[in-house]
Every structure is written in C-alpha cells, then in structure tokens.
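What follows is the residue order along each chain.
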Amino acid sequence: MMVMSGYILVDGANGGGLRRNAETRVRVTAVDSAASPLIPKEARSWQTMSMLVFVKDFTWMMKECFWMLLIPEICLVMGAVTALTSFIVLIKSASVYRRFPDYQAKMLCALIESVWLVSNVCWMVADCLYDAPVAGMPWQLMPLLRPDASHYDFMRSLAGYGCMLGTIIYLLGVLRHALIPRIFGSFGGGDAQCRLNSKYILLQTSTATWCLKDFLWSKNFVVEALIVDCCTALCVIAQCKVQSGRITCLGYAWLAWVASNAIWLLCELGVKSIWLRFLAGAFAALAGAIVASCWFLRGEVDEANALAADLEQVITEVTIPSSADSQKVRVAVIGAGPCGLSALWAFKDTDDVDVVCFEKQGDIGGQWNYCPSTPLEQHANHSSMYKDLWSNGPKEAGSEYPDYTFMEHFGSAMPSFLPRAAIADYIKGRAKKYGLTGKIRLKSEVKHVMWDYIHSRFNVVVNDISSGKIYTDSFAYVIVANGHFSTPEFPIFPGYDTFAGKIIHAKDFHDARRFKDLRVLVVGGSLSAEDIALQCHKFGATEVTITNRSPMSYPWPNNVSEVPMLVRVQGRTAYFSDGTSKDIDVIISCTGYKYDFPFLPSDLQLRTKNVLVVKDLFKGVFFVPRPELMYLGMQNQVYTFIMFDLQACLARDAIIKRFHLPSEREMLNDIGLWLERQEQLKHVKDWHALQTMYVQELNQLTEYCPDEVSCLQL
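Everything quoted here is computed from the prediction, not taken from an experiment. (Residues numbered from 1 in each chain as written. Predicted model: local features only at pLDDT ≥ 70, side-chain atom pairs only at ≥ 80, totals over all residues. Heavy atoms only, no water.)

Let's talk about helix α15 (residues 527–538)
We apply this condition: The secondary structure listing takes helices from DSSP runs of H or I that are at least 4 residues long and strands from runs of E that are at least 2 residues long, numbered from the N terminus. To estimate the expected span of a helix, subtract one from its residue number and multiply by 1.5 Å. Burial classes: relative accessible area under 20% of the type maximum marks a residue as buried, over 50% as exposed, and values in between as partly exposed (1.4 Å probe, protein chains only). In this context, the arc is that of the directions from the helix axis out to the C-beta atoms. We call two residues in contact whenever any of their non-hydrogen atoms come within 4.5 Å of each other.
Along its 12 residues, α15 runs 16 Å from first to last C-alpha, staying within 8% of the 16 Å computed at 1.5 Å per residue. When we look at burial in α15, the residues that qualify are A529, I532, A533, Q535 and C536. The arc that holds the buried residues of α15, viewed along the axis, is 160°, so those residues lie on one side. In this structure, α15 carries L527 and K538 as exposed residues pointing more than 90 degrees from its buried face. Residues of α15 that are buried make contact with β10 (519–523), β11 (543–547) and β16 (586–589).

See the structure below:
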C-alpha cells in the first residue's frame, strides 16, 4: 500500500559505513559487508524496492479507478499486476531488511501486507466476475471463472479475514512504538525503534484503520466502515504534519484515495447514482496521478538514484582507522566558522574523543571568510558579507573570547565596533593559537548525513572537492555548525522577470562601489537593509530608496528615503502600495536567509525561524528527536562567539557524559518554559535580557567562566 513506500524511504535513509583516517590510506576493491550496513549493491536494491512499491501503489489505485468506472477488463489486469508486484516486494524485502535489528517484524509486516493486497484482489476479481458482465471475455475458455454466490461469499469473506489480520498486526505495531519504554538511557535513546515516535505510531494507526475499514466493508458494516474511513483521513493528516509539518504529496494521494472509498461506501448505503460512482473513480485516478507525479515530477526517484551514485563512489578509496582511533568516540563537526571552531576548541583537551571538522570552503572562518572572487559553483562562497562591513554589535557583548582577547591578538586596545577584516583575523588567530586547524578537512562538502539504525551511529557522505572523490565516514555524534545566513530568502514581486535593470540579493552585494551613479531600490526593513542603503549612499549611488512593510523612520541622508511596500515593477519603474512610483536601476533584496540543511534527511532537519528560542533544541543545542545530533548558533543572536563557546562546551559535556540529558518529556517541558518567556517579550531590551538569561544558564551548566561578571561582561 502507499504508506509502505514512505516507511521504506524512512528506514532506508542510512548510507555506507566506510571509515576514513588521515594516517592510514589503503585502496580497496571490495567492502566488508559486516562493516557497512548499506554498500552500493544494497543502495541499488533500495532503488529497485522503491520502484516496485511505486508500481504496486499505482496499480492498486488504478485497479480501484477502473472498477468504479465500469471497465472490469483493465481492472483485472491492474489487480493481477498488483498481486504479482506485492509478492516480488515481499521477496525483495527479505534481502533489503536483513540487516535491520527488527528484521522479523519488518518481514511480518511485508507478509501481512501481501496477504491483505491479494485478499483485496480476490475480492475485486469476485466482484468483476460475479456482479458485472465482462465484455469480450472468452467465457467458453474459462468456465471456472464464473463463480456462483457461494464462491463470491467465500472470496469476500477470505478478503475480510485478511484485512482483519492486517488490522491486528498494525495495531500491535502501534502498541510496540507507543508502549515500549526507553530502557537504553536518556542520551541517545538506544535503538530508535524503542523510542516513543509519534510518526511511526500514526503510520501504523492509519494502516490499521484502512485494514479495519476493508474488514467492516467485507462484512457489510457499511456505516461503520465509513466512520473508520474518516478516521483514516485524520490519521493521514496527522502523520504528514508530524513528519513534515505539512500535508505531503503522498499524503494528498492517500487522502484522495480515502475520499474515493468514502464515496463508494455512500453508493453501498443506497445512494444509487452512476455519477457518484464515476466521482469515486475520478478520486482514485487522482490518487494514482499524484503518486506518479511524486515519483517522476517531484524527484524522489532521482534523489534515491543520486544517493546510490554517491555511495557507488565510496569504494574508490577508503582509509581504515587505526585500532587506537577506533576506541575513541567520534564526533563530526559540519562547518569551520565561528560555531565549528568553538566546537573544536571545546574538545581540545579531550583525548578520548576524535573530532573531525568538514569545511567546504578553502579556508576557515565561515561567514567571516569573505572572498567575493570565488566562482559561483555548487560549493561557492558561503559568506554573505561584503567588503566594507563593520560589526553591528560591540565586542563587549559576547564577541571577545575570555581566553584570547583582542588585546592579546592585536597587541593594543581595540574599539567596540570592528571591521569585518579585523574580526576574521581574530577568529583565525585563536584557531592558530590552539592548533585547531589540524582537525579540519578543507574543501570537504558534506553531501548526506544518515542515521545507521544497525550500529547506532551517523554515516556522513563527503565530497572531497579537490580530488572529486566521495567517501563515507562514521561518527557517534554530529554537530551542525554551518550557520543560517547563507541561503537567501528571496521574495519575487510581479515584474521582476521583465525588469530592465539588475536584481540581486544582499548575499551578492559584495561592494557598494559597484552601484555608483545608479538609482538603488533596497527591499527590506532590518539591519542589512539599513546598512546596505547607507553603504550605497556613502560610495556614490545617485539615489537610494528603501521599501518595507514597517518603516524604520531614521533620519536618513538627503538622497536616502523610505517608501511603503513594493507592489510591482514595470520596465525600470517600481510601484509602491501608496500609489507612488520611482525609476530605478538596481534592486537589492535585503530579505534575510533560510535555515538550510540540504545534507540532512527531513526527519533530522531543524525547522525554525530566526527566533531566540528554537522549539526543537533542548538548551538551544540538542535536537530532541535525535539528541546525538546537535546544532550550534541557530538562535537569533544577541551574543555571538561567547554563546557559541558555551553551546559547544555543553555539547562536549554531554558527549563525555559530564552532563546527562534528561528524558524527552523533560527536555520538551524545559523548551516549553523558554517558549513561554519568549512569548512575553515586548521590547528589544527584553530580547537582550532573555538571551542574557540563557547564556548565564549555559555558563552555570558548563562552568565555562567561573568569574561571570568580568569574563562574560553581562
């Protein structure tokens, strides 16, 4: 059934377990299957399995469609393909699932689904051959295919019991995920299948209600079946919301399918209308069309193929770690900007932890690594800074490391607000002092991070940009430190496609001198809009106009002005919501950035806006659904470098078991308290006070700075 394809994709999101170490390099032509839960051959097996599941789902839906549209010949063909594909999937499951710890449970579910599908096909065959004349069928050649009433009742009853068996098995799955306690400790949670996971509970519940509906239908309890069908729809919606925060493409397909069955049940209740039957068939056809579009238009197959292609290249060169390293706890850090460097600094004295930092740029510094000459490639310039940027926050507010002051670095006192180049040099100076660069792999782009359910670890697929090779490394923990000011949020206004001038995002601003003698329109109402507008004015723009929803109302220079929100652009003329217009040459969109983690699967991605309290991060660091995954610097930032250090220290303390994470419920309760505090904020000074409270709490938990007043300068 359709929901099983989602189950396969979720469980299949783990890649190879090959490991790499800079000390020992060996070239191999084969991979030990015991060390790798998913080698390239198995990656292709997942592709085949996923495609078979798609064929099974699609033909099942179209079987229903053609039966409701009174075309039983095609219905019989689709039913036969569904039954055949179901058995092939069952056989394929035996090889694909064999490495999972709950292999027997998965195989039982696959077997029950096959029984259920075949039962439904038998029911459909009986309907076709007993209730409806099948035009053009050579009955004289197949006399046994004309069952009498007793045959029909037997086949329908058999289908009903198959559905009841499915109901029982899937309800047991619900109990399994909902009631088994977390017995493997609070940090990490042991096997993910033993954790309270509402996504799987809703998945099993929706499947169980679908089976129950078919059973009730087979026993002519039509009203009850209609009620259970509505419950299935609610479960589908809830499942989509929990898993993706929205109704997914496959979710809409299933809802269309549920609607098709509901309409058909109304026909069974006595609402005799050929048009109602056709409407049911149309919904079934819509469900099949959506499933097809999900696979061929939305790129799910392409994504699986890309993952398999990456894993295929893993075996070109593999490095096996030494036995000493294999005894260490391995931690991956993604990004060598301020957050990633804070993570490396926090682990500098922990001998029993092996930390590897992956940085896709050619130098450390992250956002502060300003290099506008970088070509616009896949791994292009990460930095969103521009040449003449100055820090908009004083260094005293958490931007000066207590163990490495600006005085130590520059040899003299420095002003509170510093230019970009000075801060970049300062960050790199600290990294050099503590020898942090030895743990960093530059020009190494993380492509995929996948949780390995068998070995309870992360498999990280990395593209070595210099060599073009892709390899996989395995880690117990992953720290995401790639920031959230790199992927532009770029709203499109009517007329942008025909605008005669240039349109850029603030990320590509680079240097205000490019806009000398031009009329500039800045879209946005926050710090970057303010600063870029003044930069353009300073370096010779003819006129600068700022458009936004809420005016900043500053005393702007003579050739800088604010206007209401942009409505549309025509030619070189911009029209605003108050009816005014201006001729412009350049549009600069200062509209912020998206949180973007393309290397993470959907169930590990942080989904948030730029807020002070992130709802899925315990203490602003630990990803509650999978605490082995940690995020640094994901809040709206009043404090910066000091806060990153504190978060990194808390992550380190959890990894070395100095700080013990509470239960999932306790983590969510703590986040709830901070969210309540955030909702009470009214003024900017309240934001500062709330993050000050947060930083102080982290300091108490980590003892980062014993002399809090002089060190943190709060």
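Text resumes after the structure shown.
Examining the sheet that holds strand β9 (residues 502–505)
For the record, the criterion: Paired strands are those between which DSSP finds at least two bridges. Axes here mean lines fitted to C-alpha atoms, for a helix over just the part in contact, with angles spanning 0 to 180 degrees between N-to-C directions.
The five strands lie next to each other as β9-β16-β10-β11-β12, forming an open sheet whose pairing is parallel. Whereas interior strands pair on both sides, the edge strands pair on one side only; in this sheet they are β9 and β12 (560–563). Each adjacent strand pair in this sheet contributes to an overall mean axis angle of 20°, direction not counted. Inspection of the sheet shows β10 paired to β11 by five bridges, in the parallel sense. Each bridged residue has a counterpart across the sheet, and for L521 the counterpart in β11 is T545. Contacts from α15 reach β10, β11, β12 and β16, with the element oriented near 170° to β11.

Here we look at helix α12 (residues 338–346)
Helical periodicity: at 3.6 residues per turn, an α-helix aligns residues three or four positions apart in one direction. Judged by how many residues are buried, α12 sits mostly within the fold: nine of nine residues are covered. Taken together, the buried positions of α12 are P338, C339, G340, L341, S342, A343, L344, W345 and A346. Tucked inside the fold, the buried residues of α12 contact β1 (329–334), β2 (353–358), α14 (420–433), β3 (440–441), β7 (477–480) and α16 (641–655).

A short note on the packing of aromatic side chains
Centre-to-centre distance and the angle between the planes together describe a pair of aromatic rings. Which entries qualify depends on this criterion: Whether two aromatic rings pair depends on their centres lying within 6.5 Å, for rings of Phe, Tyr and Trp, where Trp uses its six-membered ring; planes under 30 degrees apart make the pair stacked, over 60 edge-to-face, and the rest tilted.
Counting across every chain of the model gives 20 aromatic pairs. Relative to F475, the ring of F358 has its centre 5.9 Å away and its plane inclined at 85°; by these criteria the two rings are edge-to-face. Highlighted residues: F358 in strand β2 and F475 in strand β6 (residues 469–475), separated in sequence by 117 residues. Taken as a pair, F358 and F475 share a single burial class, namely buried. Each ring, one from Y386 and one from F509, has its centre 5.1 Å from the other, and the planes form 90°; the classification is edge-to-face. On the criterion of sequence distance, the pair formed by Y386 in the loop between β2 and α13 (406–410) and F509 in the loop between β9 and β10 is long-range, its members being 123 residues apart.

Regarding the nonpolar core
Condition: Remark: nonpolar core denotes a set of buried residues (Ala, Val, Leu, Ile, Met, Phe, Trp, Tyr, Cys) joined through side-chain atoms within 4.5 Å.
Core analysis: the largest hydrophobic core is formed by 85 residues, its most contacted members being I479, C536, I588 and F622. The dominant element in this core, judged by the number of residues it contributes, is α16, at 11 residues. Leave out the neighbours within four places in its chain, and I479 touches V331, A332, V333, I334, A343, F347, M630, L632 and A651. Of all hydrophobic cores here, the second largest spans 27 residues; its members include V446, Y471, V478 and M634.

Brief notes about the packing of helix α17 (residues 664–679) against helix α18 (residues 684–702)
As a reminder of what qualifies: The labels follow the angle: roughly parallel below 35 degrees, roughly antiparallel above 145, roughly perpendicular from 65 to 115, and oblique for the rest. As a working rule, the residues Ala, Val, Leu, Ile, Met, Phe, Trp, Tyr, Cys and Pro are called nonpolar, Asp, Glu, Lys and Arg charged, and the rest polar, with Gly in that last group.
Packing of α17 against α18 brings their axes to within 11 Å, and their N-to-C directions diverge by 155°. As judged from the angle between their axes, α17 and α18 are roughly antiparallel. Taking contact as the criterion, the partners of W674, R677 and Q678 in α17 are, on α18, L690, M693, Y694 and E697. In terms of residue class, the contact of α17 with α18 is built from four nonpolar, one polar and two charged.

Side note on the pattern of salt bridges
How we decide: The salt bridge definition used is simple: a Lys or Arg side-chain nitrogen within 4 Å of an Asp or Glu carboxyl oxygen.
Here the structure, examined in full by the defined rule, presents 20 salt bridges. When the shortest N-O distance is used, the salt bridge between R430 and D645 registers 2.8 Å. One end of the pair, R430, is in helix α14; the other, D645, is in helix α16, and 215 residues separate them in sequence. On the basis of relative accessibility, which here comes to 3%, the residue R430 falls in the buried class. What you see here is one network of salt bridges that share partners, running through R330, D354, K439, R441 and D473.

Structural notes on the pairing of strand β14 (residues 573–576)
Pairing analysis gives four bridges linking strand β13 (residues 566–570) to β14, with the strands arranged antiparallel. The residue of β14 that forms the bridge with R568 is Y575. The turn linking β13 back onto β14 is made up of two residues, and G571 within it adopts a positive phi angle of 65°. The hairpin formed by β14 and strand β15 (residues 581–583) contains four residues between the paired strands, and G579 there has a positive phi angle of roughly 90°.

A word on the confidence of the model for the chain
Stated precisely, the cut-off is as follows: What pLDDT conveys is the predictor's confidence in a given residue, as a value from 0 to 100.
Summing up the model confidence of the chain, the mean pLDDT is 75 and the portion of residues at 70 or higher is 69%. Mean pLDDT across the secondary structure elements of the chain bottoms out at helix α1 (residues 2–11), with 28, and peaks at strand β20 (residues 629–631), with 97. Across residues 132–145, where pLDDT falls below 50, the model places 15 contacts with residues more than four positions away in sequence or in other chains. The low-confidence segment residues 179–196 (pLDDT under 50) makes 49 contacts with residues lying over four places distant or belonging to another chain.

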